[in-house]
Amino acid sequence: MVTTDAAEQYFGNQNPIGQQLRISQNGRTIDLTVSAVIAKPDPASHLSPRILAPFDAHAALWGYQPGTTFSSYWYPSNYLYAVLSPDADVEATEGAIRTAVDNGRDEASAATYDAQLQPITDIHLYSDLNRDAPGGSPDRVYLFIVIAAFILGIACVNFVNLATAQGTERTREIGVRMSIGAGRGQLVRQLLTESMIVSLLAGVVAVVLTIGLFPAFQTLIGTEMQPDVYTNPWLWVGVALVVVFTGIGAGSYPAAILTRLDPSDVLSRRAQGLGRGAGLRKSLVVLQFAISAALIVATTIAFQQLQYVEGADLGFDDDALISVAARGNYATIKREMESRADIQRVVGTMDTPGTGVGRAFQTVFNGEPLPDDAPSYATTYVDFGFFEMLDLKMAAGRPFSADHPGDIGRALPPTDVHFQPYTRDRAVVINESMARSRGWTPEEALGQTVRSVVREGEQIYTDMQGEIVGVVEDFHFSALREPIRPLVMYPALTPSPTENEPSANLTTLLVKASSGGSLGQAMSTVREVWHDVLPGEVFEASFVDDRLDAMYEEERRMSTVREVWHDVLPGEVFEASFVDDRLDAMYEEERRTGWLVGTFAGLAIFVACLGLFGLAAFAARQRTKEIGIRKALGASVVSIVRMISSEYVLLVSIAVLIASPVAYLGMSEWLEAFAYRIELGVWPFAVAILSMLLVAVVTVGSQALRAARVDPATTLRDE
C-alpha cells in the first residue's frame, strides 16, 4: 500500500493499483505490487508511512525466508500495535501478554525485557521507552500553560487595579443609586455584568487575533497543528470558561468594595476614595512585575545557555563536514568522491560525531569472565582516517591506520550468516574517560585487551576482541546535554575495492569539502582585469553578502556529493546534511522554547506596563490640585516627576527582589538538564533590574511629566 503523495511521486497520473515497486536494500532487491492507496497521514500523527509492505518483505531484504520466526527480543526492531475491545481489562490483557512472551523466551531474556501496553495517546508526550517514536516534552507544554496563566493573571490584576482606583469616580453614582432604592445585590450584578462584557469583548478579540496569527505561531513553535483544531468543541468550552472566570474573578473585588459604601457618606463627600484598596493595588503591581522580571531572567539565562552550547568546543573539527547516509558500494563511492577537486577526504563511520553513539556493547577487559551483568559501554566503528579528518588528538598511542592492515583483526566463522563474523586481534581505541573509569593513565591503557559482545541470553551475535593501540582525547560524541561517557572504538570492517557490497558496519559517510572553488576564481578574474586596466590603483573589493555567498558555496559542495552519489547509486535515495547543521538542529527545541519564552515575556511586560500606565495616569489626575500648589510654591518639574515616580519605582524594585531568587531556583533546575552549562552570574538579574526600572521610569514618568507641565493657574482657578 502507498500513500496518495507516494503514489503521485512514483506513478504520476497513472493508476497505481497493480503497478510494481522495486525496493533495494543491503544489496538485495524485491518487487512489490501496489494493492491499495491510502490517505496521507495526519501531520500531527507519529505514524507517517509512505509505503506499507508485509513483514516478510523486510525479512527478504535481510536474506531471510518468508515466514521466518525470530527468537530475538531486539532483532528485528518493530513496533506492535493492538486494538483492544471496548470492555477489555487492560491490566489483565497486559498480564496475559507478559506471561505468553516470557514463556516463549529463556529465563535470562525474560528477566531482561518486559512486555507492557502503552496508550497510543501517551507516546508523544509521556513515553520514555527505549527506541520509542520521537515525541514532545510535557514540561514544555506545562511551561507555556503557566506563562499563559501568568499573562492572563497580569491582565486581571490590571483590571482590578484600575477598577478599584477609578472607583472613587463612581462613588457618587453608587451613592445615588443606593439612595433611590438600589440594593447591594443589584449593584453587584451590574458591576459584574460590566466586567463580563469587557471579558467577553476581550475574548472575541483574542479569538480573532489567534486565528490571524495562527500560521506565524505554528512557524514559531515548529509544529504543524491539526487543521480541524477550531472545530474541537472542548476548545470553545475552554475559551468560554476562561472568559467567564476572568470576568467574574476580575470584577468581584471592585464590586464588593464599591457596594459596601454608605450612601450618606458618599453624598456628603465623606467617602473620598477607596483608601483601603491602595495596599492591595500596590501588592498587585508588585506581583505582576515580579512575574515579568522572572520571565526576563529566565529568557536571558536560556539564551546564554544556548549561546554557550552552540559555541562550545566539541573537541573535533566540523567545518565543511557533510554527513551522508551510507548505502551500497562504499569503496566505489569513497574513491569517486575523493577524485573530485571539491572533496578533500571521505571516511565511513557508524555514527555522526556530536549526535550520539547508538550502540552499547557489554565489555570486559584483560580476559575477565563475561558475566550476565557485564557493564555496557558506548561502542562505535570508524574507518581509517577518521581521527585525522576530525583533527582528534591522541592522548597516547596511535589511531587506526591503513599502514597497519592488521588493525581490522582476523575473522572467525560466523554462527549466523546475517550478522557480522566474530573477530579477534582487532585494534581498539578508547577515549580518556574510558581509561579513567578503569583507573589507567593513557599510557597504562596501551596494550590492555578488550572484549565487546552483543548477546541475548546465551546467544552471542557479535563478539570482538582486541588490544588497545591508542587513547583519544575526550570529545563530545553526544550532545552537550550529556556528559562525555567512556567510549570504545573499533576499525570498520570495510569491503575491498573490488567488492560490490555495502560495508559490514558503516552507516554514515563523512565528507570533508575542500576550500576554494568557483567564487574565489571569479574574484581572481575581477582582480586580474582591474590590474590590467588600472595597474596603479589599489584593488578593494568584497562580496556584497558573504553569508549568502557561503550558502551558495555550501550548496555547490553538496551538489558535488549528490552528483557522485547518483552516478554510483542511481536508484538509491540521497540523504545528506552538513554536520554543523545537524548539531544545531539538536538544540532546536531549546532555541524555540527560548524564543517563545522571550516573546511571552515581552507580552507580559507590555500588559503590565498598560496597567502601570493607567494607574500612573489616575494617580496624577488625583493629585492635580497638589501638583498645582507645589508648582505655585516653586517646585520644579523634575521634583514633581520624582515625587510621583518614586513610589512606583520602589514597587518595581521590590518586585525584582522577589522575582530574582524564584527565577534563580527555577533556572538552576532547568540547567540541570545540561551536562555542560553556564554558571549563573549577576548579568541576567542585572538585565531584569535595569529593564524593569527603565520600564517603570518611562511609563510612570511620562504621565508624571504631563501632569507636572500643566499651568498651576489652570488647576487652581476653581479653589
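So, how was this worked out
Residues numbered from 1 in each chain as written. Predicted model: local features only at pLDDT ≥ 70, side-chain atom pairs only at ≥ 80, totals over all residues. Heavy atoms only, no water. Helix = DSSP H or I, 4+ residues; strand = E, 2+ residues; numbered from the N terminus. Buried < 20%, exposed > 50% of the residue type's maximum accessible area, 1.4 Å probe, protein only. Polar contact = N/O pair within 3.5 Å; in protein donor to acceptor, adjacent residues only side chain to side chain. Contact = heavy atoms within 4.5 Å. pLDDT = per-residue confidence, 0-100. Patch = residues over 30% accessible without salt bridge, like charges linked within 9 Å, V, L, I, M, F, W, Y side chains within 5 Å. Areas by Shrake-Rupley, 256 points an atom, 1.4 Å probe, with all protein chains shown as cover. Salt bridge = Lys/Arg side-chain N within 4 Å of Asp/Glu carboxyl O. Core = buried A, V, L, I, M, F, W, Y, C linked by side-chain atoms within 4.5 Å. Phe/Tyr/Trp six-rings, centres within 6.5 Å; stacked < 30°, edge-to-face > 60°.

**Description of the side chain of threonine 379**
And step 1. If you trace the backbone, threonine 379 turns up in strand E8 (residues 376-382).
And step 2. Accessibility expressed as a relative area gives 0% for threonine 379, which makes it buried.
And step 3. A distance of 2.9 Å separates the side chain of threonine 379 from the backbone oxygen of tyrosine 377, its partner in a polar contact.
And step 4. Residue contacts for threonine 379: discarding those within four places in its chain leaves Met350, Val357, Arg359, Phe361, Leu487, Val488 and Tyr490.

**Looking at the confidence of the model for the protein chain**
And step 1. Overall, the prediction assigns the protein chain a mean pLDDT of 75, with 74% of residues at 70 or greater.
And step 2. A low-confidence stretch, residues 495-503 (pLDDT under 50), is modelled with 18 contacts involving residues beyond four sequence positions or located in other chains.

**Let's talk about a nonpolar patch on the surface**
And step 1. On the surface, a cluster of nonpolar side chains totalling about 410 Å² of accessible area is made up of Leu47, Tyr79, Tyr81 and Ile120.
And step 2. Mapped onto the elements of the fold, tyrosine 81 is located in the loop between helix H2 (55-61) and helix H3 (90-103).
And step 3. In this structure tyrosine 81 comes out as partly exposed when scored by relative accessible area, which is 42%.

**Digging into the nonpolar core**
And step 1. Core analysis: the biggest nonpolar cluster contains 53 residues, and Ile147, Phe289, Leu612, Ile644, Tyr648 and Met692 have the highest contact counts within it.
And step 2. Those elements giving two or more residues to this core turn out to be helix H6 (138-165), helix H11 (278-311), helix H19 (588-622), helix H21 (637-671) and helix H22 (683-708).
And step 3. Apart from residues no more than four positions distant in its own chain, methionine 692 is found in contact with Phe289, Ser292, Ala293, Ile296, Ile605, Val652 and Val656.

**Description of the environment of arginine 438**
And step 1. Structurally, arginine 438 can be placed in the loop between helix H14 (432-437) and helix H15 (442-445).
And step 2. A relative accessible area of 29% places arginine 438 in the partly exposed class.
And step 3. For arginine 438 and phenylalanine 365, which are 73 residues apart along the polypeptide, the C-alpha to C-alpha distance reads 9.3 Å.
And step 4. Setting aside its immediate chain neighbours within four residues, arginine 438 contacts Phe365 and Glu368.

**A short note on the pattern of salt bridges**
And step 1. All told, the structure shown has nine salt bridges when counted by the stated rule.
And step 2. Residue arginine 98 pairs with glutamate 94 through a salt bridge whose shortest N-O separation is 3.8 Å. Of this pair, arginine 98 and glutamate 94 both sit in helix H3, four residues apart, which is roughly one turn of the helix.
And step 3. Aspartate 463 serves as the salt-bridge partner of arginine 451, at 2.8 Å between the closest nitrogen and oxygen. Highlighted residues: arginine 451 in strand E12 (residues 449-456) and aspartate 463 in strand E13 (residues 459-472), separated in sequence by 12 residues.

**Quick notes on the packing of aromatic side chains**
And step 1. The tally for this structure, following the rule as stated, stands at eight aromatic pairs.
And step 2. Aromatic pair tyrosine 381 and tyrosine 490: ring centres 6.5 Å apart, planes at 40 degrees, arrangement tilted. In this pair, tyrosine 381 sits in strand E8 while tyrosine 490 sits in strand E14 (residues 487-491), placing the two residues 109 residues apart along the sequence. For the pair formed by tyrosine 381 and tyrosine 490, the shared burial category is buried.
And step 3. A ring pair is formed by phenylalanine 475 and phenylalanine 477, whose centres lie 6.2 Å apart and whose planes are at 70 degrees; its orientation type is edge-to-face.
And step 4. Of the residues examined, phenylalanine 477 reaches a relative accessible area of 5% and is grouped as buried.
And step 5. Site record: aromatic cluster; members linked through ring pairs are Phe361, Tyr381 and Tyr490.

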